[in-house]
Amino acid sequence: MTFITRGTRHDKADREEFFSNSDWSDAILDKGVAFIARDGRVVGNVTLIEVEPNVLVVEDVLVADTHREQGIGRGLMQAAMNSRGGTLYLCCHPERLTFYSYFGFAEVPFEDLPDTVQAFMRDTNAAPDQLEPGHVHHYLKAR
């Protein structure tokens, strides 16, 4: 049985193991609030990072290959979004646009992101001018 909960500092090692096993090398473990799905071990994660009051970036949205197509990603996103008010931003690859549209995310130009969100994207090497040729990110906003 899989359950979703807010992560605590006691979950950090389990989250590190989850990301490592998923070949996700740039997870942010020292900022924000994580929501995790567990099936004994961590099988999913969503992290909210507040970059200014009521402005949050959604990061490290991942479900283990073995647990996909079971609604875990939707459950994690709903838990994270229900936990906080404010405007949410994220960047994603083209194949994830439909998933995020389910939660009301719509595309916005990078230049229209708040300065603090742009700075976050630059700090995490996700800004358009930092991407390798052919690598595409879409920047989204909800609420």
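Structural data are supplied above this passage.
Residues numbered from 1 in each chain as written. Predicted model: local features only at pLDDT ≥ 70, side-chain atom pairs only at ≥ 80, totals over all residues. Heavy atoms only, no water.

Draft legend 1. Examining helix α2 (residues 72-83) more closely. With twelve residues, α2 extends 16 Å from end C-alpha to end C-alpha; this agrees with the ideal 16 Å at 1.5 Å per step. Among all positions of α2, only Ile72, Gly73, Gly75, Leu76, Met77, Ala80 and Met81 are buried. (Helix = DSSP H or I, 4+ residues; strand = E, 2+ residues; numbered from the N terminus. Expected span 1.5 Å × (residues − 1). Buried < 20%, exposed > 50% of the residue type's maximum accessible area, 1.4 Å probe, protein only.)

Draft legend 2. Region of interest: the environment of Trp24. The topology assignment puts Trp24 in the loop between α1 (12-21) and β2 (33-39). Between the C-alpha atom of Trp24 and that of Phe110, which follows or precedes it by 86 residues, the distance is 24 Å. The residues touching Trp24, leaving out its near neighbours within four places in the chain, are Phe19, Asp60, Val61 and Leu62. A distance of 2.9 Å separates the side chain of Trp24 from the side chain of Asp60, its partner in a polar contact. (Contact = heavy atoms within 4.5 Å. Polar contact = N/O pair within 3.5 Å; in protein donor to acceptor, adjacent residues only side chain to side chain.)

Draft legend 3. Structural detail: the layout of surface pockets. Roughly 1000 Å³ of volume is contained in the largest pocket. Trp24, Val61, Leu62, Arg96 and Tyr100 are the residues nearest the centre of the largest pocket, which is lined by 31 residues in total. Elements represented by at least two residues in the lining of the largest pocket include exactly β4 (55-63), α2, β5 (87-92) and α3 (97-101). The element that contributes the greatest number of residues to the lining of the largest pocket is β4, accounting for six residues. Each residue belonging to the lining of the largest pocket can be placed in one class, and the counts come to 13 nonpolar, nine polar and nine charged. The computed volume of the second largest pocket comes to approximately 220 Å³. Around the second largest pocket, the lining comprises 13 residues; the ones closest to its centre are Phe18, Asn21, Ser22, Arg41 and Ala64. Residue assignment for the lining of the second largest pocket shows that the elements contributing at least two residues are α1, β3 (41-52) and β4. (1 Å grid on protein atoms, 1.4 Å probe; cavity = no way out; pocket = protein on both sides within 12 Å on 5 of 7 lines; lining within 4 Å. Points joined across faces, edges and corners; volume = space filled by probe spheres on them. Nonpolar A, V, L, I, M, F, W, Y, C, P; charged D, E, K, R; others polar.)

Draft legend 4. Region of the structure containing the pattern of salt bridges. Going through the model one piece at a time under the given rule, you end up with five salt bridges. A salt bridge links Arg68 to Asp65, with the shortest nitrogen-to-oxygen separation between them at 2.9 Å. On the basis of relative accessibility, which here comes to 38%, the residue Arg68 falls in the partly exposed class. Residues joined in a network through salt bridges with shared partners are Asp11, Asp14 and Arg38. (Salt bridge = Lys/Arg side-chain N within 4 Å of Asp/Glu carboxyl O.)

Draft legend 5. Fine view of α1. Taken as a whole, α1 has its buried residues at Arg15, Phe18 and Phe19. Relative to the axis of α1, the buried residues are bounded by an arc of 95° and lie together on one face. Exposed residues pointing more than 90 degrees away from the buried face of α1 are listed as Ser20 and Asn21. Looking one or two residues past α1, Asp23 carries a phi angle of roughly 55°, positive in sign. (Arc of directions from axis to C-beta.)

Draft legend 6. Region of interest: the nonpolar core. The biggest cluster of nonpolar side chains holds 27 residues, and the ones touching the most others in it are Val58, Met77 and Phe105. Of all the secondary-structure elements, those providing two or more residues to this core are α1, β2, β3, β4, α2, β5 and β7 (138-142). Residue contacts for Phe105: discarding those within four places in its chain leaves Val58, Met77, Met81, Leu88, Tyr89, Leu90, Tyr100, Leu140, Lys141 and Ala142. Counting residues in hydrophobic clusters, the runner-up holds 15 residues, among them Val57, Tyr89, Leu113 and Met121. (Core = buried A, V, L, I, M, F, W, Y, C linked by side-chain atoms within 4.5 Å.)

Draft legend 7. Region of interest: the packing of aromatic side chains. Considering all chains together, one arrives at seven aromatic pairs under this definition. Pairing Phe99 with Tyr100 gives two aromatic rings, centres 5.0 Å apart and planes at 75°, and the pair type is edge-to-face. Take Phe99: its relative accessible area is 22%, and that puts it in the partly exposed class. Relative to Phe105, the ring of Tyr100 has its centre 5.9 Å away and its plane inclined at 75°; by these criteria the two rings are edge-to-face. Note on accessibility: Tyr100 and Phe105 belong to one class, buried. Here Arg74 stacks its cationic end above the ring of Tyr102, 3.6 Å away from the centre of that ring. (Phe/Tyr/Trp six-rings, centres within 6.5 Å; stacked < 30°, edge-to-face > 60°. Lys NZ or Arg CZ within 6 Å of the ring centre and 35° of its normal.)

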